[in-house]
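Analysis of the macromolecular model
Here's the letter readout for the chains.
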Amino acid sequence: MLLVSSQLILGLISLAVFPLTTPAAVLRWSLTGPLLLCSLCFIAGQICFFQALRRIESSRIASLTGLKVLLVPVFLFLFFGNRYNAGQIVALSLTLPAAALMNYQKGGKFQLDGLGYLLLAVTFYAWSDIGVRMLVVAIGLPSTLHSALIATNLNNLLVAL
């Protein structure tokens, strides 16, 4: 219920804002791929996230979803050829130990039930973020903020549908 109601509210807000912020010339079929990547991965991530929430304490999930910060650059490196300097690589490599330390409880065991859903959620969220970036670039307005507003509205409308 939380997922559906929140997306419907965002969709209604975007429906009101969309015509005021979106020039007709911006709407092209070339936006379809990035928009679908962004929106469908977001929906899949949300479904997996809520499944994980049923199995893992929310305080643990919150810190582990931060691993998306690691997956986005890894996917950009593997599939798009992005390169990173030594400082960036060190920073990214610290995300795993940070997540482990944030979830460490002396004498406590980590619930492995639901970890698969959480890993899927983080993976889908990472691909959604990549789709957002691709969508903003594809919109191609001089103002990145304006392109991002249009991308957000498009995503919210599609997800609400």
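The text that follows walks through the structure, step by step, so that each part is easy to find. All chains use their own residue numbering, which begins from 1 and follows the written sequence. In view of the model being predicted, local features appear only for residues whose pLDDT reaches at least 70, and side-chain atom pairs are presented and counted only at 80 or more, with totals across whole chains, interfaces and linings using the full set of residues. Hydrogens are left out, water is left out, and the side-chain values use all remaining heavy atoms of the structure.

So, the overall build of the protein chain
Only DSSP runs of H or I with at least four residues qualify as helices, and only runs of E with at least two residues qualify as strands; both kinds are numbered from the N terminus onward. Helix and strand counts for the protein chain stand at 8 helices and 0 strands. For every residue, the accessible area (1.4 Å probe, protein chains only) is compared with the maximum for its type, and the residue is labelled buried under 20%, exposed over 50%, or partly exposed between those bounds. Every one of the 161 residues in the protein chain was classed for burial, and the buried ones make up 35%. Working rule for contacts: check all heavy atoms of both residues, and any pair within 4.5 Å makes them a contact. Long-range pairs, those at least 24 residues apart, make up 83% of the contacts in the protein chain with a sequence separation of at least 6. Only the protein chains shown count as covering a residue, and every accessible area follows the Shrake-Rupley method with a 1.4 Å probe. Only carbon and sulfur atoms are counted for the fraction: they give 73% of the accessible area of the protein chain, which is about 9,700 Å².

Concerning the environment of I56
Relative to the helices and strands, I56 resides in the loop between α2 (32–53) and α3 (58–64). Residue I56 is classed as buried on the basis of its relative accessible area, which comes to 3%. Sequence spacing of I56 and L92 is 36 residues, and the spatial spacing of their C-alpha atoms is 25 Å.

Description of a nonpolar patch on the surface
The grouping of V74, F77, L78, F79, F80 and M134 at the surface amounts to a nonpolar patch, some 560 Å² of accessible area in total. Element by element, the count of residues in the nonpolar patch is highest for helix α4 (residues 68–80), at 5 residues. With respect to the secondary-structure elements, F79 resides in helix α4. You can call F79 exposed: its relative accessible area is 54%. Residues forming no salt bridge and having over 30% relative accessible area are the ones grouped into patches, like charges within 9 Å of each other and nonpolar side chains (Val, Leu, Ile, Met, Phe, Trp, Tyr) within 5 Å. Here, a salt bridge means any Lys or Arg side-chain nitrogen found within 4 Å of an Asp or Glu carboxyl oxygen.

Describing the nonpolar core
Residues belong to one nonpolar core when they are buried, are Ala, Val, Leu, Ile, Met, Phe, Trp, Tyr or Cys, and are joined through side-chain atoms within 4.5 Å. Grouped together as the largest cluster of nonpolar side chains are 14 residues, with contacts concentrated most on F49, I61, L64, L67, L118, A121 and Y125. Only α2, α3 and α7 (115–139) provide two or more residues apiece to this core. Excluding anything up to four places from it in sequence, L67 contacts T95, L96, A99 and V122. Ranked by size, the runner-up nonpolar core spans 10 residues in total, among them F18, V136, I150 and L154.

Some remarks on the packing of α4 against α7
Two packed helices can be described by the angle between their axes and the distance between those axes. Every axis in this analysis is a line fitted to C-alpha atoms, fitted for helices over the stretch in contact. Angles between the N-to-C directions lie between 0 and 180 degrees. Here α4 crosses α7 at 60°, and the two axes come no closer than 9 Å. Of the possible angle classes, the one that applies to α4 and α7 is oblique. In this structure, α4 meets α7 at a crossing whose hand is right-handed. Residues K68, L71, V72, F75, L76, F79 and F80 of α4 lie in contact with α7, whose contacting residues are V122, T123, Y125, A126, W127, D129, I130, R133 and M134. Each residue gets one label: Ala, Val, Leu, Ile, Met, Phe, Trp, Tyr, Cys and Pro are nonpolar, Asp, Glu, Lys and Arg are charged, and the others, such as Gly, are polar. Here the contact of α4 with α7 is composed, by residue class, of 12 nonpolar, 1 polar and 3 charged. We call two directions roughly parallel when the angle between them is under 35 degrees, roughly antiparallel when it is over 145, roughly perpendicular when it lies between 65 and 115, and oblique otherwise. In a left-handed crossing the near helix is turned counterclockwise from the far helix by less than a right angle, and in a right-handed crossing that turn is clockwise.

So, the pattern of salt bridges
Across all of its chains, the model carries 1 salt bridge by this definition. Residues K68 and D129 are paired through a salt bridge, measuring 2.9 Å at the closest nitrogen-oxygen approach. Remark: D129 occurs in helix α7 and K68 occurs in helix α4; sequence separation between them is 61 residues. Looking at K68, the relative accessible area reads 24%, which means it is partly exposed.

Coordinates in, geometry out; function isn't part of it.
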